[in-house]
Amino acid sequence: ACPLPPTPPPAEPCKMTVTITKDLPAPVYLYYGIEQFFQNHRQYVKSISYEQLRGTWPMTSAQVDLCDPIETDPSLISGLNPTGIIIPCGLQAWSVYNDSLGLCAGPADSTPCATAAANSTAETSLMLAGMDNPTGIAWDADVDDNFKPGPTPDAGPWTAADNALITSEDFIVWMRPAAFRTFVKPYRIIEEDLPAGEYTLAVVARFPVSSFEGRKFVRVATTGWYGTQNAFLGAAFLATAGVSLLIATTVLVFERKMRQRLAAAGDGGGAAQVQSGAPEKAESDAGSA
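Residues numbered from 1 in each chain as written. Predicted model: local features only at pLDDT ≥ 70, side-chain atom pairs only at ≥ 80, totals over all residues. Heavy atoms only, no water.

A. Molecular detail of the state of the cysteines. Evaluation of the coordinates by the stated rule reveals 1 disulfide. Two residues, Cys-67 and Cys-89, share a disulfide whose sulfurs are 1.9 Å apart. Taken together, the residues span a long stretch of sequence, with Cys-67 in the loop between α3 (61-65) and β3 (100-105) and Cys-89 in the loop between α3 and β3 at a distance of 22 residues. The class of Cys-89 is buried, set by a relative accessible area of 3%. (Disulfide = S-S within 2.5 Å. Helix = DSSP H or I, 4+ residues; strand = E, 2+ residues; numbered from the N terminus. Buried < 20%, exposed > 50% of the residue type's maximum accessible area, 1.4 Å probe, protein only.)

Here it is, written out as structure tokens:
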């Protein structure tokens, strides 16, 4: 476990050894995961301004109200920002995952693998290829169309730091809410093969989870023609197939029983008709006699 360090965090991160049990061919995906975090909560999902994230300025009061409860800050009031609109605003933007992760070869007690806390970047000479490249993890549509830089201080209240945050793929990945309370999101794409063995995971912990009794974890995985491993989808498909088979079997049994009942009813009606016709014929014969 990597507890939250004091503020400011120390330069030396929390390090732990990760064992990979089989060879993983490139590209290898490093994910971070969080438990008990409800990104699907109604208020959380609604607390975002898509127009602001596209760089729209000026913003209407209705567009700002979408970020409730994190909308404005009096300390930000200026000539270009008369209402002190927070950039970016909303619960989603203000709860962004901000831990720094690093992965390099070798166990934690034998390699100086580390993440620099001061600038949140890894020592690239030690890290696996791709760990210093936060691109390729977000959807192309989000990168190209949905998260754009806003006007600079000459024409709007966006700062260079605001634009850098909004257009970073780490931020874009976080801003697409997960459907369940336990989820994983892509962090980096490792661009080299990972042979089985021990690796060092270096973590600068900044994202708190104790307030909601959550837990953080990481996952290393490769992809196939069907995508990444997803146990939930497999279980859901099997459950759906089982329910469908049960329903189909029930309908088949019911249909066969109904056919048997109808056939039995038809045979009984014909016999009754034959028996009821016999006395009439006898009476007719008696009359003729």
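Let's pick the thread back up.
B. Examining the nonpolar core more closely. If you look at the biggest cluster of nonpolar residues, it comprises 44 residues, and the most contacted ones within it are Phe-171, Trp-174, Met-175 and Leu-194. Looking at this core, the element that brings in the most residues is strand β2 (residues 28-35), giving 6 residues. Contact partners of Met-175, with chain neighbours within four places excluded, come to Ile-48, Leu-53, Gln-92, Ala-93 and Phe-147. (Core = buried A, V, L, I, M, F, W, Y, C linked by side-chain atoms within 4.5 Å. Contact = heavy atoms within 4.5 Å.)

C. Representation of unusual backbone geometry in the model. In this chain, Ala-26 is followed by Pro-27 through a cis amide linkage whose omega measures -5°. Among the structural elements, Pro-27 can be located in the loop between β1 (14-20) and β2. Positioned with a positive phi, Gln-36 is a non-glycine residue whose angle comes to about 65°. Mapped onto the elements of the fold, Gln-36 is located in the loop between β2 and α1 (42-46). Residue Gln-36 is classed as partly exposed on the basis of its relative accessible area, which comes to 29%.

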